[in-house]
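Structural features, examined
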Amino acid sequence: MESSLYFALAGIALFIPIGAILGFVAFVRQSDQTSRIEELRREVQALRSQIAGVNGTPGQETTETVQTIPEPVPVAQVVHQEEPQTLEPETEPLPSRPPPKRLENQFFAALKENWMVWIGGLSVSLAGIFMVSHSISEGLIGPSQQLLLALLSGLLLHGGAEVMRRRHLGTDQVFAALAGGGSVTLYAALLAGVHHYELVSPVVALAGLAVVSLMTMALALVHGPLLAVMGLGGAYLVPLLVGGEGGSAAFILSYSFLITLSSALLMGYVFRTWLWFITLAGAVFWWLLAVLAYNDGLALACYVSALFMLFSLAPCEPLISANRRREAFLLLLLAWGASIALQYASQPLFPAWLVLLPVAILTPVSRGVLWYLPWGAVLTTALGWLAYAIRGSAPDVLLPLAAEHQAGLLAYLMIAAVITVLCGLWQWRIQLEIRRWPSLVMLSPVVWLVLGWLLVQGGVPSGSWALVALLAGAVYGALAWQIERRGVYRAGLVWAVLAAHACYSLAVVMWLREASLTLALSMQFVSLVWLARRYQASELYLVLKVALAVVVARLTFNPWLQSYDAGTHWSLWTYGGTTLFAAVATWLAGKNNAIRPWLEGASLHLLVLFLGTELRYWLYDGDIFAQEYSLTEAALNTLLWGSLGIVYVVRSRVSLSLVWLYRLFASALTVLSVASYLMVVAVHNPWWNNDIIGATPVFNMLLLAYGAPVLLALATSRFSDLLPRRWLLYVASAGFLLFTALEIRQLWQGSELAWWHGIGEGELYTYSVVGMVYSIAAILWSTRSGSAGLHKAGMALLGVVIAKIFLVDMSGLQGLWRVAAFMGLGLALLGLAWVYRRTRTIEDQAEESSATL
């Protein structure tokens, strides 16, 4: 621990001169580039004057010429610009530039041309490494002589490369390969001097490695990219090839940081994408090795934070595209969270995990395209601690921290809250119009509060933590009131209100459970709508949508999410109260409010759930979620799923962006409803099943299982467009006939409806009478309405009734029952014929009158 702290302090001390060097380099480069741009401006002006003279207008300069002279551009853009071509007064157009070759073609071409140079440089580098390794293992000469020999070999290779470059007055990849081998040999020698010989102190070795790294990257500007590749790749791989058991995480990570820093300085002059990827991969690779081999929390925290700062402030930062920077910072955030999660469970190092927060919030790139870095650091830290708490336990169990670590955790969370708030306020002061800073200031303390409750209580209800959350909500409410009263920092008003609601929700979660929790969460429907209209804050409607989704999902999937006490009528005040709050919020929203369709859809959904649960409560004697699939369960599922399908069709008609999702839900629910109804008809049909129906005529289980689906089909034909309306009407008609037949059966047989109980004469006659009445009513109504389909259905039913009377009733009925059946059939047919003829006569007279006129 002392060595880690020592190296961390040494690393911090190195940041001051390094930062000064970076600032000076950037200043000098910007001054040089500005002077160069000014020269180019003058040259372009002179060349355009010459062109104007050739065209016969000497000395004439138009306003357009002056305006098209390029303005000074940032250094990042100058580096990528090509050298300006000399403008000649040629009349022939310049030949078009051939399209660039593909990257793989360029690579194979370079490999074909330079493979001997590359293999030679690799061999020289490995020779230097093997020289150090062999002298260590064999003990051929003393440690001091071995170290001096390795250092001398590296310097000789560099000297030879430089002499050859000066003698031949130019660069060549052969010279770059020699220099790369020298750098790799120097890296190996210095690392061996620390780990094996113990002749060099870690601080001196780090200084020497820094000098070698900077020298290598500076020479790469002269020798070309091969030296950069060999120097950078060799620097990252030499420690693995040299080997050794000594060293510490602080030394290894400091060495990796120095190599990364030198590469970043090189990319400030010559940026290449492949150089960027090698640098990033090497930095992350050594972090991973340090985690697996040492797991020193302080060293890891300082290393990731230093990389974060380096990639934010290095001279090459303006040259990196937004995608490349995003990849780098996302990798660093993942490394940060993983370092927290993988630290030793017995010794959590709280202060170390505060380092990244101010770095991520205050870095200048967080004000631009990487605006998510502050929140990314906060959330990654919180997720890392949650993973740390879950590690070693069951996947679904969150174990609280040991009692001896809880005080340190609470102090850590309070300091983290202070850091995020103060740094966020600083950035907010700079960018008053940007809303992400007030979100960080207002909501980040809520994140730390949630983390503290989870790590100290393990997610178990606690009245003390709920009280703390309520007090925090009161503070946020007072802050929102002050912001509104003073009329300043209006961007923070919405976030203060959101934080107050978040604290209220947390207090409810920390204190209540099951049904009471859902009801308490639904109370926010009303308050959010009122506050949104009161402060003209449409952002609160997004939170309202989230609250609606949570409550609706919780009540919809309750049979699988929660278990409740069957001894209380909790469904009345949970489902009913939630539906009431949704209805009140709908009324408060007003008619022309954009959130109203959401509230109406949620209210309909909750109303259907409320009616369904109440039916279950009364049918199952209070055990709403009874685990049995009977006629009652199938009937309830048919009505519930079908009604929800209609609700989602209605919601899809008023939605602007989620039409596809609502229609998907509606289609799935309709399919489930149809399948459940088929189960009612085919499996739980009382003609061949012994399900309990009830002895009361009409008002029995048949009304719910077979009568209500008829109304559901009619409602679906009216409000839904998922199925053709004609099909739904056919289903409703067939279902109504089935319901009538079953009710007739129940009227004569009581609760024993199975077919093996036989059919009496009165029941048989009733089927004929009711069928005759239905057919006549259909025919008469079709005559009045002009519906050809209804007329055909009525005639078909009449034909069935006639066939039944002649084929079944003639043999099945005796005495007066048979007389009544045939008498009723005859009178009905005569009366129907008279009505039909009279109607045709009236129609013919009307046609003759209209023809005469």
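Remember, predicted model here, so these are calculated numbers, not experimental data.

1. Observations concerning the overall build of the protein
Within the protein, the secondary structure is distributed over 31 helices and zero strands. The buried share of the protein, taken over its 853 residues, is 45%. When contacts within the protein are restricted to residue pairs at least 6 apart in sequence, those whose partners lie at least 24 apart make up 72%. Carbon and sulfur atoms provide 68% of the accessible area of the protein, an area that totals close to 44,300 Å².

2. Focus: the nonpolar core
One finds F308, W385, L540 and L544 to be the most contacted residues of the largest nonpolar core, which totals 156 residues. In terms of nonpolar packing, the next biggest core, distinct from the first, is built from 21 residues, L636, M701, L704 and L738 among them.

3. With respect to the confidence of the model for the protein
Where the model shows low pLDDT, its predicted coordinates should not be examined in detail. Scored by pLDDT, the protein comes out at a mean of 75, with 73% of its residues at no less than 70. Low pLDDT (under 50) marks residues 1-31, which in the prediction has 23 contacts with non-local residues, meaning those over four places away or in another chain. Low pLDDT (under 50) marks residues 57-104, which in the prediction has 40 contacts with non-local residues, meaning those over four places away or in another chain.

4. Focus on helix α14 (residues 373-390)
When the terminal C-alpha atoms of α14 are compared, their 25 Å separation across 18 residues agrees well with the 26 Å that a helix rising 1.5 Å per residue should span. Taken together, the buried positions of α14 are L373, P374, G376, A377, V378, T380, T381, A382, G384, W385, Y388 and A389. Contacts made by the buried residues of α14 are with α11 (297-313), α12 (322-341), α13 (356-362), α15 (403-430) and α16 (436-457).

5. Concerning the packing of helix α9 (residues 249-269) against α11
Where α9 contacts α11, the axes come no closer than 10 Å and their chain directions differ by 5°. As the angle between them shows, α9 and α11 are arranged roughly parallel. Between α9 and α11, the contacting residues are A249, A250, L253, S256, F257, T260, L261 and A264 on the first element and A299, L300, Y303, A306, L307, L310 and F311 on the second. Counted by class, the contact of α9 with α11 contains 13 nonpolar, two polar and no charged residues.

6. Topic: a nonpolar patch on the surface
A cluster of nonpolar residues, L221, V222, Y269 and V270, forms a patch on the protein surface that exposes about 310 Å² of accessible area. Along the chain, Y269 turns up in helix α9.

7. Regarding the pattern of salt bridges
A complete count under the given rule lists two salt bridges for this structure. Its salt-bridge partner being E484, residue R534 comes within 2.8 Å of it at the nearest N-O pair. Of the two residues, R534 is situated in helix α20 (residues 524-535) and E484 in helix α17 (residues 463-486); the sequence distance between them amounts to 50 residues. Taking relative accessible area as the criterion, R534 reaches 42% and is therefore assigned partly exposed. On the basis of relative accessibility, which here comes to 22%, the residue E484 falls in the partly exposed class. A salt bridge links R596 to E600; its shortest N-O distance comes to 2.8 Å.

8. Details of helix α25 (residues 631-654)
With 24 residues, α25 should reach 34 Å at 1.5 Å per residue; the first-to-last C-alpha distance of 36 Å fits that figure. Of all 24 residues that make up α25, 19 are buried, and the element is covered over most of its length.

9. A look at the packing of α11 against α12
Working note: a packed helix pair is described by the angle between its axes plus the distance between those axes. Axis separation between α11 and α12 bottoms out at 10 Å; the angle between their running directions is 165°. Accordingly, the angle class assigned to the pair α11 and α12 is roughly antiparallel. The handedness of the crossing between α11 and α12 comes out as left-handed. Contact residues: α11 offers L300, A301, V304, S305, L307, F308, F311 and S312, while α12 offers A328, F329, L332, L333, A335, W336 and S339. Here the contact of α11 with α12 is composed, by residue class, of twelve nonpolar, three polar and no charged.

10. As for the side chain of H501
Within the element layout of this structure, H501 appears in helix α18 (residues 491-511). Beyond its immediate stretch of four places on either side in the chain, H501 contacts Q524, S527, L528 and L531.

11. Some points on the packing of aromatic side chains
Under the criterion given, the structure shown has 13 aromatic pairs. Ring centres of Y648 and F665 lie 5.5 Å apart, and the angle between their planes is 80°; this geometry places the pair in the edge-to-face category. Residue Y648 is found in helix α25, and its partner F665 is found in helix α26 (residues 659-682); the two are separated by 17 residues along the sequence. The class of Y648 is buried, set by a relative accessible area of 9%. A relative accessible area of 35% places F665 in the partly exposed class. In textbook terms, an aromatic cluster arises when at least three aromatic residues are bridged by ring pairs, as seen for F350, W385, Y388 and Y412. A cation sits over an aromatic face here: R429 above W426, 4.3 Å from the ring centre. Positioned over the ring face of F719 is R718, at 5.3 Å from the centre of the ring.

12. Quick word on unusual backbone geometry
Phi angles above zero are rare outside glycine, and V698 is one such case at about 65°. Summarising the element assignment, V698 is placed in the loop between α26 and α27 (701-719). By relative accessible area, which is 40% here, V698 ends up partly exposed.

Cut-offs and rules
- Residue numbering note: each chain is counted from 1, following its sequence as written.
- Reporting in this predicted model follows two pLDDT cut-offs: at least 70 for local features of residues, and 80 or more for side-chain atom pairs to be given and counted; totals over whole chains, interfaces and linings ignore these cut-offs and use all residues.
- Side-chain metrics rest on all non-hydrogen atoms present in the structure, leaving aside hydrogens and water.
- A run of H or I in DSSP counts as a helix once it spans at least four residues, and a run of E counts as a strand once it spans at least two, with each numbered from the N terminus.
- Partly exposed residues are those whose accessible area sits between 20% and 50% of the maximum for their type, while under 20% is buried and over 50% is exposed, using a 1.4 Å probe and protein chains only.
- Contact definition: two residues touch when any of their heavy atoms are within 4.5 Å.
- Accessible surface is estimated by sampling points in the Shrake-Rupley manner with a 1.4 Å probe; for residues, cover comes only from the protein chains shown.
- The definition of a nonpolar core used throughout is a set of buried Ala, Val, Leu, Ile, Met, Phe, Trp, Tyr and Cys residues joined through side-chain atoms within 4.5 Å.
- The pLDDT score gives, residue by residue, the confidence of the prediction method on a 0 to 100 scale.
- How far a helix is expected to stretch is found by multiplying one less than its residue total by 1.5 Å.
- Axis definition: a line fit to C-alpha positions, over the contact stretch in the case of helices; interaxial angles, taken between N-to-C directions, run 0 to 180 degrees.
- Angles are sorted into four bins: roughly parallel if under 35 degrees, roughly antiparallel if over 145, roughly perpendicular if 65 to 115, and oblique for all others.
- Under the scheme applied, nonpolar residues are Ala, Val, Leu, Ile, Met, Phe, Trp, Tyr, Cys and Pro; charged residues are Asp, Glu, Lys and Arg; polar residues are all the others, including Gly.
- Every patch collects residues that have over 30% relative accessible area and no salt bridge, joining them within 9 Å if they carry like charges and within 5 Å if they are nonpolar side chains (Val, Leu, Ile, Met, Phe, Trp, Tyr).
- Criterion for a salt bridge: a side-chain nitrogen of Lys or Arg within 4 Å of a carboxyl oxygen of Asp or Glu.
- Crossing handedness: left-handed means the near helix sits turned counterclockwise from the far one by under a right angle, and right-handed means the same turn made clockwise.
- Whether two aromatic rings pair depends on their centres lying within 6.5 Å, for rings of Phe, Tyr and Trp, where Trp uses its six-membered ring; planes under 30 degrees apart make the pair stacked, over 60 edge-to-face, and the rest tilted.
- In our convention, an over-ring charge means Lys NZ or Arg CZ found within 6 Å of a ring centre and within 35 degrees of that ring's normal.

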